[in-house]
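Structural characterization, general
Spelled out from the first residue to the last, the chains are:
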Protein chains: 4
Amino acid sequence: MLVPAAAFKTSFRVTWADTDAAQVVHYSNYFRFFEKVEEEFYRHLGFTFTDTAKRGLWFPRVESFCQYKKPARFNDLLEVELTVDELKEKSVKYAFRVTNKETTDLLANGYVILVAADKQTAKATQIPRNIVEKLKPFCK
Amino acid sequence: MLVPAAAFKTSFRVTWADTDAAQVVHYSNYFRFFEKVEEEFYRHLGFTFTDTAKRGLWFPRVESFCQYKKPARFNDLLEVELTVDELKEKSVKYAFRVTNKETTDLLANGYVILVAADKQTAKATQIPRNIVEKLKPFCK
Amino acid sequence: MLVPAAAFKTSFRVTWADTDAAQVVHYSNYFRFFEKVEEEFYRHLGFTFTDTAKRGLWFPRVESFCQYKKPARFNDLLEVELTVDELKEKSVKYAFRVTNKETTDLLANGYVILVAADKQTAKATQIPRNIVEKLKPFCK
Amino acid sequence: MLVPAAAFKTSFRVTWADTDAAQVVHYSNYFRFFEKVEEEFYRHLGFTFTDTAKRGLWFPRVESFCQYKKPARFNDLLEVELTVDELKEKSVKYAFRVTNKETTDLLANGYVILVAADKQTAKATQIPRNIVEKLKPFCK
């Protein structure tokens, strides 16, 4: 029996500073949105980048991708859904779907791959056990 | 006989505002770098987004991708190379390679796909003939 | 008898993208925070920039100022208070106080002056009566 | 006899990412421009933030101000002039004038005040002698 994965969802409005002269959200800002959602996801799970940094761990991004389906405009209420698409020993791939919460239109979807890295050596290292456990329910 | 494609290259320094608390360039800013290089490329070819907008044409981005190899830091002199990876009737794919000009290390590579779109109807349309001609020498 | 002015308050967390290599919020981002709070204030009052733009009105900023007292760091919960410092026929001055909601430390204070401007002529014009009425309770 | 102060000048173009939905440069981005010019000024003088950071020194901003005269648009060639408005033992005030290089219109003027601060104690400290000497020719 298939048990659907949990998805983490959060909502926020497009600010004026997110837009560009085409009067839509600048394409680079979706990656800021993705990261903001990742940050809220971690708070939801009970930790922050600062906590892991104190334990000597960074999570540098190694790959990012986004497809733009429909433009988002100033003041639009966006809903972003995060799922864990791939959870490996040293890396994790988060998938994101951005929808307009009012129209339910899909605006963009993408992903970001991060690795756990030792702050001193800058080498890839294992994602801590307790974080892995917290991520598992959100795996596809 | 293979004739290697021309590449457009430009250089600029990482500003303080490009960096984040990991003391490296924020991953979203590579997409700003890509676009900045695309803008300089167009000026080099003799036109700007403003010119095409006046002719009723947008170039919305439909897909973007980046792989991060090594971090860029404040004041690093970056060299970015743009090539035309794919030139279709209504879309173009630009590939980018970001290197540290002093060390020659590859820092990131990625691409952006844009479509020509009619500003009124928002529908994909043909890339104007004269722009196609200007892009051809930069095709892979 | 003095009746204290109402203040509009809102809270949000510092994101990673807000920070710079000094591991604090980049000084320019306080102006993004101010505008974000202004946007929430308008929604609270029942309108948006988009609504006024449809009525042919812009609110360009003519002056901005900020004093930085203590740094804000990633994940800090900020509380921003907006008051109307000056309400003239054609312009309004919003004052902002940014505090760390957990420590109650004052982090920054500043202001922004905007004018009502006709979108066609780009000339200063009167702030619409109904907006003036909505702003009055927040005047110092 | 009055000897006019030297001014440091640099030029760059407005990028698409600098603009907002009013199709002009976002007001917060002038502060990014100011800092970018400050960085080029230091390179011109022969040092960078990184060099001073290695010597245990930060230059946190304590105050910033900008007046917006005319809008800057995508692709506009901006010229920014920096002068040293005030040079104290522990702080320096840089004044900036942003003009459109082609029309020579004044677009914005402003200032930023920074203090020299010890990275360890976070307390204000003297600006190093050799930096003071380099700044003097640019004093009003």
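Before going into details, it helps to say that this report is about the structure given with it.

Parameters at a glance
Residues numbered from 1 in each chain as written. Chains lettered and ligands numbered in written order. Predicted model: local features only at pLDDT ≥ 70, side-chain atom pairs only at ≥ 80, totals over all residues. Heavy atoms only, no water. Phe/Tyr/Trp six-rings, centres within 6.5 Å; stacked < 30°, edge-to-face > 60°. Helix = DSSP H or I, 4+ residues; strand = E, 2+ residues; numbered from the N terminus. Buried < 20%, exposed > 50% of the residue type's maximum accessible area, 1.4 Å probe, protein only. Lys NZ or Arg CZ within 6 Å of the ring centre and 35° of its normal. 1 Å grid on protein atoms, 1.4 Å probe; cavity = no way out; pocket = protein on both sides within 12 Å on 5 of 7 lines; lining within 4 Å. Points joined across faces, edges and corners; volume = space filled by probe spheres on them. Nonpolar A, V, L, I, M, F, W, Y, C, P; charged D, E, K, R; others polar. Contact = heavy atoms within 4.5 Å. Buried area = accessible area lost by both parts, 1.4 Å probe. Salt bridge = Lys/Arg side-chain N within 4 Å of Asp/Glu carboxyl O. Polar contact = N/O pair within 3.5 Å; in protein donor to acceptor, adjacent residues only side chain to side chain. Pairing = 2+ DSSP bridges.

**Quick word on the packing of aromatic side chains**
- Scanning the model with the defined rule gives 78 aromatic pairs over all chains in all.
- Ring geometry for Phe31(A) against Phe34(A): centres 5.6 Å apart, planes inclined by 75°, an arrangement best described as edge-to-face. Of this pair, Phe31(A) and Phe34(A) both sit in helix 1 (residues 29–45), separated by 3 residues, roughly a single helical turn.
- Seen in terms of ring centroids, Tyr27(D) and Tyr68(D) are 6.0 Å apart; in terms of plane orientation they differ by 65°. Their pairing is edge-to-face. You can see Tyr27(D) sitting in the loop between strand 1 (8–13) and helix 1 (29–45) and its partner Tyr68(D) sitting in strand 3 (residues 61–68), a full 41 residues away along the chain. Per residue, the accessibility class of Tyr27(D) equals that of Tyr68(D), and both read buried.
- The ring of Tyr27(B) has Arg61(A) sitting right over it, with the charged end atom 5.5 Å from the ring centre.
- Taking the ring centre of Trp58(C) as reference, the NZ or CZ of Lys119(C) above it sits at 4.6 Å.

**Some thoughts on the layout of surface pockets**
- There is about 1300 Å³ of room inside the largest pocket.
- If you go around the largest pocket, you meet 47 residues; those closest to its centre are Asp20(C), Ala22(C), Gln23(C), Val24(C) and Trp58(D).
- The element best represented in the lining of the largest pocket is helix 2 (residues 49–54) of chain D, accounting for 5 residues.
- Here the residues of the lining of the largest pocket sort into 27 nonpolar, 7 polar and 13 charged.
- Computed from the structure, the second largest pocket encloses a volume of approximately 1000 Å³.
- Every residue lining the second largest pocket is counted, 43 residues in all, and those nearest its centre are Trp58(C), Pro60(C), Ala22(D), Val24(D) and Pro71(D).
- Counting only elements with at least two residues in the lining of the second largest pocket, the list comes to helix 2 (49–54) of chain B together with helix 2 (49–54), strand 2 (57–58), strand 3 (61–68) and strand 7 (117–118) of chain C.
- Of the residues in the lining of the second largest pocket, the class split is 27 nonpolar, 5 polar and 11 charged.

**Describing the interface of chain A and chain B**
- Listed by partner, the interface residues are 21 residues for chain A and 21 residues for chain B.
- Summing both partners gives a buried area of about 1800 Å² for chain A against chain B, and 53% of it is carried by carbon and sulfur.
- The tally of links from chain A across to chain B stands at 0 salt bridges.
- Linking chain A with chain B are 16 residue pairs in polar contact (both at pLDDT 80 or more), by the criterion used here.
- Of all the elements in the fold, those that place two or more residues in the side of chain A that touches chain B are helix 1, strand 3 (61–68) and strand 6 (106–115) of chain A.
- For the side of chain A that touches chain B, the leading source of residues is strand 3 of chain A, giving 8 residues.
- In terms of residue class, the side of chain A that touches chain B is made up of 12 nonpolar, 5 polar and 4 charged.
- Two strands pair when backbone bridges link them, and strand 3 of chain A and strand 3 (residues 61–68) of chain B are joined in this way by 5 bridges, in the antiparallel orientation. Each residue of the ladder has a partner; that of Ser64(A), found in strand 3 of chain B, is Cys66(B).

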